[in-house]
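Observations on the model geometry
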Amino acid sequence: MVCLSNKKRNTNGMQKRRRTVTIQAYAMIALPIIGFFVFTVYPILWTFRWSLFNYNGIPSDTMFVGLDNFIKLFTIDFTYWKAWGNTLLFALCKIPIELALAMVIALMLNSKVKGGGLFRSIFYLPNVVSVAIIGLIFSSMFGYFGIINATLTRLGIINGAIDWFASKRTAMTVLVVASVWNTFGLNVMYILAALTNVSEDLYESARLDGVNSIQKFFYITLPLIAPVFQTILLLSILGTLCVNEFVLVLTGGGPGGKTFTMMSYLTKQFVPGFTESMSPALGYGCSMSVITTLLLGIVAVAYNRFSEKMSNLY
Amino acid sequence: MKVNFKRTMCIITVLLLIVGVMSGCSKDKQTSTKNGVQTITVWSGHSHSKQFFEKAINDFNRNTGEKLGIYIDYQVKGESYVQMMELALQSGDAPDMFYSFNLQKLVENNHIVPIDDMPGGEEYLKKYAKYVVEGDNCFDGKTYVLPITSTIRGLVYNKDMFKEAGIVDENGEPLPPKTFEELRETAKKLTNSNKTKYGIILPLKWSGWFASDILQPMQSYAGFWQYSPVDEKYDFSSLVPVINSFLGIKEDKSFFPGAEGIENDAARAQFAAGNIGMKLAYSFDFAVLTNQFPATCDWGVAPLPVVDTDNCYKQLASYDKGIVINSKALETKDKELIMEVFKFFNSDELAVEAYKQGINLPLEWETIKDVELSDELKQWGEFAKLLEISAPYNRTPKQEASAKFDVQNEFLANVWSGEESTEAFVKRYEDQTNLATKQYYEAHPEEDIAEFNDKNWNIRR
């Protein structure tokens, strides 16, 4: 009898404790959940709603237009699709260089070089420099009378100064160089973290089997860091496709809008504070955001599908 | 004990958080009346005139303000002024009066009140009848804001370089170009790339370049700005010779190289450094060339070039809007006192004083013609003199936003790069703009394009 009553008391106590823990857990996640709804879900719903309107903030101009904004986007606004082309070109040029460079440097730093910590900090440093400052630095370096032209001329590589911002090809080159400089350090950190998880024993066994360095890299290192590399590549792809203020400060989309990426085009045309217009077509901008989000979602899903093998190499 | 301590700390933390959060929600019920003096808050986004206005307002508060029982609390909000104002209006924390922006939006959202409804408002507005324009200052016949200052255009030129190149009159004074063709020739003569001296600078990276150097001068050679009130359509045919002159400058290589990578600030800094012969500029550039980037050369201001000196029209002047009255201010503040503050900000005395100090230009030359300026304000006086040959631009009909022609990028991508002829580009620009206008008025049948037409429009010099 006593035993039963003790058991009941214990069960009640446990239930009470469990309820307290549950309440605590809900209280703890309440704030981020509220933040998620207010700062993420609500703006998304807001964007979807206004994408169906002609909306510029002026009540008398506001009217429901259904899918008109989307139809215009697909049939009239070729600049947006050209901006998508520029974005893909930028990504194709930047990502291979950035990741290859990051991989080489990470492998070098992983081989216990002297002053490795210092080099890690140096390589990471560009990542914390503000985009506005990077814009100023590279505009000045690649300016007509800048250090790049002066150096190339002195080395005899070019005959006369190049106007780097005058053509799409050269302006895109500047964007790629500056962007790689800005972000490769972060990838060095990611890859270094992945490399530390590769067991030394495997390298030791391989060495005893007479495997050379290149074979070690392709048959041991690369397959073992592949699952992490899959994430690094995804982050790099999405980061590059969403490049925005970097383009605005460095080329301003020029010459003649030829280096606009889709995010920088969207910002420059429709985001109050960036656009010249006092009453930008926010409704149309919202429809562009919706399509951009969907397309980026498709890219992410397709990437995950095609890169599935990377997570199962070992 | 340990549990109690933890619990106490948790309660204190939660209370602190609640107090912190709630303090953000509190309504700032500032005492609007203190010792019989009403505080009227005014916000501005004009950093360049901050010191001038602070001094003028201090004088007002000490003299007129003390007599009338008004204290103006003037705050400059800087670059993010519009965003701050929009947030303040939505949260109900906007000041009693503020500098106007996006007037139609303010009117339609009932954020501001018409001056006509203020005490003595109708009488006061009579003086400004010729300046106020429906759609710009008024909506449905009610005036909400007055034009307060002017911004005008001119060609700034480096007198030292002109003298060095021998481009002078019989008295040895520099001779700035009068036509766009002369602009090209002068730029060529001034250019000496070995000495890194260039005839002109074209900040093509600046998104306002096409408007500044090609579209806005249009009024002085076409007689209207973009939309012809007489022919009742957008007409850009007069741009052809002007664009060709700029292409000629490119061909002659008589402009500062690397134009596509140059912003307007960098261009103004280069001009100030004394390596540039000419630049098309705004009257506010005077402050830039004296304070921000003090010019190291002797420079002057000339009228904008035209196409044909026998067919000159008044240059484009834009009137900058003054302060508006927050409708909520009328719930707590005395209407008469608010009107006194409104009159102070729009007074001729303040306009003359601002001119004397190189801050703002008034609406008309007549207001300041007898004012003598110090030597440091020589170029400011030259800009002001251009008020005599300037007139406000004609209003332009609205266009369907998604069909608007992105003129600067189209120009740089196609014409400046040599891929399209000027004539073809101008035709495309004109056709697309007229189409976008037609689309807008088809979608808004309640609006009438006829209000932009005027068969008697004539601003010949």
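Residues numbered from 1 in each chain as written. Chains lettered and ligands numbered in written order. Predicted model: local features only at pLDDT ≥ 70, side-chain atom pairs only at ≥ 80, totals over all residues. Heavy atoms only, no water.

**Some remarks on the packing of aromatic side chains**
- Enumeration over the complete set of coordinates arrives at 56 aromatic pairs over all chains.
- Centroid distance Phe 119 of chain A to Phe 123 of chain A: 6.2 Å. Interplanar angle 25 degrees. Geometry classified as stacked. Residue Phe 119 of chain A and its partner Phe 123 of chain A are located together in helix α4 (residues 116-124), separated by 4 residues, close to a single helical turn.
- Measuring from ring centre to ring centre gives 5.7 Å for Trp 209 of chain B and Phe 246 of chain B, while their planes differ by 85 degrees; the resulting arrangement is edge-to-face. Of this pair, Trp 209 of chain B sits in helix α9 (residues 209-215) while Phe 246 of chain B sits in helix α11 (residues 239-252), and the two are 37 residues apart along the sequence. (Phe/Tyr/Trp six-rings, centres within 6.5 Å; stacked < 30°, edge-to-face > 60°. Helix = DSSP H or I, 4+ residues; strand = E, 2+ residues; numbered from the N terminus.)

**Comments concerning unusual backbone geometry**
- In this model, Gly 254 of chain A is joined to Pro 255 of chain A through a cis peptide bond whose omega is 5 degrees.
- Within the secondary structure layout, Pro 255 of chain A lies in the loop between α10 (245-250) and α11 (262-270).
- Phi is positive for Asn 110 of chain B, close to 55 degrees, though the residue is something other than glycine.
- Structurally, Asn 110 of chain B is set in the loop between α5 (103-108) and β5 (112-113).
- Even without being glycine, Gln 226 of chain B reaches a positive phi, approximately 65 degrees.
- Within the secondary structure, Gln 226 of chain B sits in the loop between α10 (218-222) and β10 (227-228).

**Here's the deal with the packing of helix α8 (residues 200-208) of chain A against helix α9 (residues 213-241) of chain A**
Residues and elements named next belong to chain A.
- Between α8 and α9, whose axes approach to 11 Å, the crossing angle comes to 165 degrees. As judged from the angle between their axes, α8 and α9 are roughly antiparallel. When you trace α8 past α9, the crossing you get is right-handed. For the pair α8 and α9, the contacting residues are Leu 202, Tyr 203 and Ala 206 in the first and Lys 216, Ile 220, Thr 221 and Leu 224 in the second. (Axes fitted to C-alpha atoms, helices over the stretch in contact; angles between N-to-C directions. Parallel < 35°, antiparallel > 145°, perpendicular 65-115°, else oblique. Left-handed = near helix turned anticlockwise from the far one by under 90°. Contact = heavy atoms within 4.5 Å.)

**Side note on the interface of chain A and chain B**
- Each partner contributes to the interface: chain A provides 33 residues, whereas chain B provides 32 residues.
- Across the chain A/chain B interface, buried area totals approximately 2,300 Å², and carbon plus sulfur atoms make up 54% of it.
- Its largest share of buried area at the contact with chain B, chain A owes to Phe 145, Gly 256 and Met 278 of chain A, together 20% of the area lost on that side.
- Applying the counting criterion to the chain A and chain B interface returns 2 salt bridges.
- With a shortest N-O distance of 3.1 Å, Lys 72 of chain A and Glu 400 of chain B are connected by a salt bridge.
- For the pair chain A and chain B, the interface holds 6 residue pairs in polar contact (both at pLDDT 80 or more).
- For the side of chain A that touches chain B, the secondary structure elements donating two or more residues are α10 and α11 of chain A.
- Across the side of chain A that touches chain B, the residue classes break down as 16 nonpolar, 11 polar and 6 charged. (Buried area = accessible area lost by both parts, 1.4 Å probe. Salt bridge = Lys/Arg side-chain N within 4 Å of Asp/Glu carboxyl O. Polar contact = N/O pair within 3.5 Å; in protein donor to acceptor, adjacent residues only side chain to side chain. Nonpolar A, V, L, I, M, F, W, Y, C, P; charged D, E, K, R; others polar.)

**Some words on a nonpolar patch on the surface**
Residues and elements named next belong to chain A.
- A contiguous nonpolar surface patch, about 1,000 Å² in accessible area, is contributed by Tyr 26, Met 28, Ile 29, Ile 33, Ile 34, Phe 36, Phe 37, Val 38 and Phe 39.
- Note on placement: Phe 36 falls in helix α1 (residues 2-50).
- Phe 36 sits in the partly exposed class, given a relative accessible area of 43%. (Patch = residues over 30% accessible without salt bridge, like charges linked within 9 Å, V, L, I, M, F, W, Y side chains within 5 Å. Areas by Shrake-Rupley, 256 points an atom, 1.4 Å probe, with all protein chains shown as cover. Buried < 20%, exposed > 50% of the residue type's maximum accessible area, 1.4 Å probe, protein only.)

**Here's the deal with the pattern of salt bridges**
Residues and elements named next belong to chain B.
- On inspection of all chains with the given rule, the structure shows 29 salt bridges over all chains.
- A salt bridge links Glu 388 to Lys 385; its shortest N-O distance comes to 2.5 Å.
- Accessibility expressed as a relative area gives 40% for Glu 388, which makes it partly exposed.
- Lys 385 sits in the partly exposed class, given a relative accessible area of 43%.
- By sharing partners, the salt bridges in this structure join Lys 55, Asp 59 and Arg 62 into a single network.

**A word on the environment of Ile 191 of chain A**
- Along the chain, Ile 191 of chain A turns up in helix α7 (residues 168-195).
- For Ile 191 of chain A, a relative accessible area of 0% translates into the label buried.

**Quick notes on the pairing of strand β12 (residues 276-282) of chain B**
All names here are of chain B.
- The buried fraction of β12 is high, at 7 of 7 residues.
- Pairing of strand β8 (residues 147-158) with β12 involves 5 bridges; the strand directions are antiparallel. Following the sheet pairing, Val 156 is matched in β12 by Lys 279.
- Bridge count between strand β9 (residues 198-200) and β12: 2 bridges; the pairing is parallel. The partner of Tyr 198 across the bridge, within β12, is Ile 276. (Pairing = 2+ DSSP bridges.)

**Topic: the pairing of β8 of chain B**
All names here are of chain B.
- With 12 of 12 residues buried, β8 is to be regarded as a mostly interior element.
- One ladder, built from 5 bridges, connects β8 with strand β14 (residues 315-321); its direction is antiparallel. Its bridge partner lying in β14, Thr 151 is registered against Ser 318.
- Inspection of the sheet shows β8 paired to strand β13 (residues 299-302) by 4 bridges, in the antiparallel sense. Within β13, the residue paired with Val 156 across the bridge is Val 301.

**Brief notes about the nonpolar core**
- Membership of the largest hydrophobic core comes to 60 residues, with the highest contact counts inside it found for Tyr 80, Val 188, Ile 191 and Met 288 of chain A.
- Dropping the residues within four chain positions of it, Val 188 of chain A is found in contact with Ala 102, Ile 105, Ala 106 and Leu 109 of chain A.
- Judged by nonpolar contacts, the second largest core, of 53 residues, contains Phe 180, Tyr 234, Val 242 and Tyr 429 of chain B. (Core = buried A, V, L, I, M, F, W, Y, C linked by side-chain atoms within 4.5 Å.)

**Remarks on the environment of Asn 458 of chain B**
All names here are of chain B.
- Residue position: Asn 458 is located in the segment after α19 (422-443).
- Classification of Asn 458 as exposed rests on a relative accessible area of 56%.
- Sequence separation between Asn 458 and Ser 207 is 251 residues; the distance between their C-alpha atoms is 30 Å.
- In terms of polar contacts, Asn 458 uses its side chain to reach the backbone amide nitrogen of Arg 460, at 3.1 Å.

**Some remarks on the packing of helix α3 (residues 78-110) of chain A against helix α12 (residues 282-306) of chain A**
Residue and element names in this part refer to chain A.
- Closest axis-to-axis distance for the α3/α12 pair is 13 Å, and the angle between their directions is 30 degrees. It follows from the interaxial angle that α3 and α12 lie roughly parallel. Along this stretch, α3 crosses α12, giving a crossing that reads as right-handed. Across the interface between the two elements, Tyr 80, Trp 81 and Trp 84 of α3 pack against Met 288, Ile 291, Thr 292, Leu 295 and Leu 296 of α12.
- Taken together, the residues of the contact of α3 with α12 break down into 7 nonpolar, 1 polar and no charged.

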